[in-house]
Amino acid sequence: MAKARQVSGGGRAVEVPPERLAGWFERFAASHGGIVATSGAPREVRVTAADGATATATVPFGPLEEPSVDTLVAHALRPRTIALVLVRRGGHSVGVARDGRIEVSRTDRHLVQGRSAAGGWSQQRFARRRAGQARHALQDAAKDVFEVLVPRLSEVDAVVLGGDRRALDELREDRRLTPLFARAEPRVLDVGEPSYAVLEDAAARALSVQVTLRDG
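A brief report on the enclosed structure follows. (Residues numbered from 1 in each chain as written. Predicted model: local features only at pLDDT ≥ 70, side-chain atom pairs only at ≥ 80, totals over all residues. Heavy atoms only, no water.)

Structural notes on the sheet that holds strand 6 (residues 81-88)
The strand order across the open sheet built from five strands is 8-7-6-9-10, with neighbouring strands paired in mixed fashion. The open sheet has two free edges, formed respectively by strand 8 (101-109) and strand 10 (184-189), since each of these has just one partner strand. For this sheet the average axis-to-axis angle between neighbouring strands, irrespective of direction, equals 15 degrees. By the bridge criterion, eight bridges tie strand 6 to strand 7 (residues 91-98) in an arrangement that is antiparallel. Within strand 7, the position partnered with Val85 by the bridge is Val94. Lying over the sheet, helix 4 (residues 165-172) contacts strand 6, strand 9 (158-163) and strand 10, oriented at roughly 110 degrees with respect to strand 6. (Pairing = 2+ DSSP bridges. Helix = DSSP H or I, 4+ residues; strand = E, 2+ residues; numbered from the N terminus. Axes fitted to C-alpha atoms, helices over the stretch in contact; angles between N-to-C directions. Contact = heavy atoms within 4.5 Å.)

Side note on the layout of surface pockets
Looking at the largest pocket, its volume works out to about 330 Å³. What lines the largest pocket is a set of 17 residues, among which Thr58, Pro186, Arg187, Val188 and Gln210 lie closest to the centre. The element contributing the most residues to the lining of the largest pocket is strand 10, with five residues. Classifying every residue of the lining of the largest pocket by side-chain character gives eight nonpolar, two polar and seven charged. (1 Å grid on protein atoms, 1.4 Å probe; cavity = no way out; pocket = protein on both sides within 12 Å on 5 of 7 lines; lining within 4 Å. Points joined across faces, edges and corners; volume = space filled by probe spheres on them. Nonpolar A, V, L, I, M, F, W, Y, C, P; charged D, E, K, R; others polar.)

Structural notes on the sheet that holds strand 3 (residues 35-41)
Strand order in this open sheet of six strands is 1-2-11-5-4-3, and the pairing throughout is antiparallel. Since the sheet does not close on itself, it has two edges, and those belong to strand 1 (5-6) and strand 3, each with one partner.

Below, the structure is given as structure tokens:
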């Protein structure tokens, strides 16, 4: 069973690997008295169970032509090559994964000091130094994204982002990366400090389907 996390607006979300998606919906139906309705749109598929519980799947790499579980499963199982961009203030990891396996990557870590409890001029100097460290870290991240991923955009089916949203938004301001961000999936993966191991995990998670569960 995939680990669930609470989501805003009530309910809980799970990430379901493509190869387990059909079985997941079968178990959901069995646990809630069967499925009585299926609805949706190009970007989501919602099933409603007899007891009122719902499972809403966000379609990755959409849109989906027909909102049904069968078409969603077939869509999720298609082989894909994905560009990954994981960024936090203290580091980044970027790469290209084919069917969940990393083929090329680059990872780097940077020192960005935490906040200081000191006051006055010392605090101001510390804040300037910290801001400079963060700026250099993002410049290095942008350089690696540009060198590793942008030349390979014609080879990938989608772009998946992860990490700190504020850092990602700052990268978006780099005009060299506009073609990459134009193809980014809406979903942003929640990841820890970027490393090669984290990138490997993200490559598998990027293919998963996020399903939001709400009780009836």
